[in-house]
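Structure at a glance
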Amino acid sequence: MRNVNIVIGSGAGDEGKSKALYLLSPYHKNIGRRGSAQAGHKVNINGNSYSFQNLCSGALNNKDINVWISPYSAINIEDFEKEIQYYKEFGVNLSNIYIDKLAGIISEDDRKQEEELAKSIGSCGTGVLGILLSRLRREKYKTFKEYDNIHNLNIVDNIAQQINEKLDLGENLLIEGNAGFFLDLVHSGQYPNVTATSTCASNWITDFGISPLLVNRVVMVVKSYMTRVGQNTGGCLDDQKEV
């Protein structure tokens, strides 16, 4: 059964993926993403703006959806707590949040590691790269195994097994892709003005250990011009003032 749909961006992020996710989420039982302190999905509702870097923005339009956060995540815990409050404001069921125990929690050391490289590689300096470097070096980093679980969230051992069990039962899944294809490490043709990972649709199913044979549709969100957050914009407009 092809029951996985993926939303990705065509540019350097900032295409408006969250709007598509907000509209699509009511038609899904599950929604997942790689939480990342440098990938903001913003939803505007009734004149108020809600930005999500760690949790799934689409859940605001489906309070009973299951939310899955992958082990590849690098989460800013302060922003994470703000997003939990947004969920509470909209009545999202917190007992339906599932976070892999190996999802990273950004520390001050992670931020310091990234600060040293920020200018040379155009990083946002949020600490995401610090966790990636620790993983590459096989060094210890802070994970959700150490999270003070005051909200009684589901911290799970093997998110791939659990989400595949849901898919086997016929439930569907919507995946929030981060960044945009223009920033893909190798396929975009923009090297070295890229991010540190793949931003193709195939990368986001890898986050959850899902077979590509389960993918029903990939939705690519397109914007007529590109903006990019960071110091090295690679020819993109670097802020809204230039638009």
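Residues numbered from 1 in each chain as written. Predicted model: local features only at pLDDT ≥ 70, side-chain atom pairs only at ≥ 80, totals over all residues. Heavy atoms only, no water.

**Focus: the overall build of the chain**
Applied cut-off: In this text, helices come from DSSP runs of H or I with a minimum length of four residues, and strands from runs of E with a minimum of two, each type numbered from the N-terminal end. Atoms counted for the radius of gyration: C-alpha only. Globule rule: 2.2 Å times residue count to the power 0.38. Think of it in three bands: with a 1.4 Å probe and only protein chains considered, a residue is buried below 20% of the maximum accessible area for its type, exposed above 50%, and partly exposed in between. Contacts are assigned to residue pairs with any non-hydrogen atoms lying within 4.5 Å of each other.
Secondary structure assignment for the chain yields 6 helices and 11 strands. For 243 residues, the compact-globule formula gives about 18 Å, and the C-alpha radius of gyration of the chain, at 17 Å, lands near that figure. When the backbone C-alpha atoms are referred to their principal axes, the chain occupies close to 45 × 40 × 40 Å. Here the chain holds 243 residues, and the buried ones make up 51% of them. Expressed as a percentage of contacts within the chain between residues at least 6 apart in sequence, the contacts between residues at least 24 apart total 72%.

**Brief notes about helix α1 (residues 17-24)**
This is how the line gets drawn: Taken from the helix axis, the directions to the C-beta atoms give the arc we talk about.
Turning to α1, its buried residues number three or more, namely Lys17, Ser18, Ala20 and Leu21. The arc that holds every buried residue of α1, seen down its axis, measures 160 degrees, which confines them to one face. In α1, the exposed positions that point more than 90 degrees away from the buried face belong to Lys19 and Leu23. Along its buried surface, α1 packs onto β1 (4-9), β3 (41-45), β10 (173-176) and β11 (215-221).

**Quick word on the packing of aromatic side chains**
Our working rule: Pairing of aromatic rings covers Phe, Tyr and Trp, the last through its six-membered ring, and needs centres within 6.5 Å; plane angles under 30 degrees mean stacked, over 60 mean edge-to-face, and all others mean tilted.
For the structure on display, the rule yields 8 aromatic pairs. Between phenylalanine 52 and tyrosine 87, the ring centres sit 5.7 Å apart and the planes meet at 35 degrees, which makes this aromatic pair tilted. Residue phenylalanine 52 is found in strand β4 (residues 48-52), and its partner tyrosine 87 is found in helix α2 (residues 77-89); the two are separated by 35 residues along the sequence. As far as burial versus exposure is concerned, phenylalanine 52 and tyrosine 87 are alike and both buried. Ring centres 4.9 Å apart and planes at 45 degrees place the aromatic pair phenylalanine 144 and tyrosine 147 in the tilted group. The exposure classification of phenylalanine 144 matches that of tyrosine 147, with both residues buried.

**Topic: the nonpolar core**
Heads up, the rule is: Buried Ala, Val, Leu, Ile, Met, Phe, Trp, Tyr and Cys residues form a nonpolar core when they are joined through side-chain atoms within 4.5 Å.
Residues Leu55, Val67, Phe80, Tyr87, Ile97 and Phe144 are the most contacted members of the largest nonpolar core, which totals 31 residues. Those elements that provide at least two residues to this core are α1, β3, β4, β5 (66-69), α2 and β7 (97-100). Broken down by element, this core gets its largest block of residues, 4 residues, from α2. Excluding its chain neighbours within four sequence positions, the residues that come into contact with leucine 55 are Arg33, Val67, Ile69, Phe80, Glu83, Ile84, Tyr87 and Ile97. Among the nonpolar cores identified, the runner-up in size contains 18 residues, and Tyr98, Ile163, Phe208 and Ile210 belong to it.

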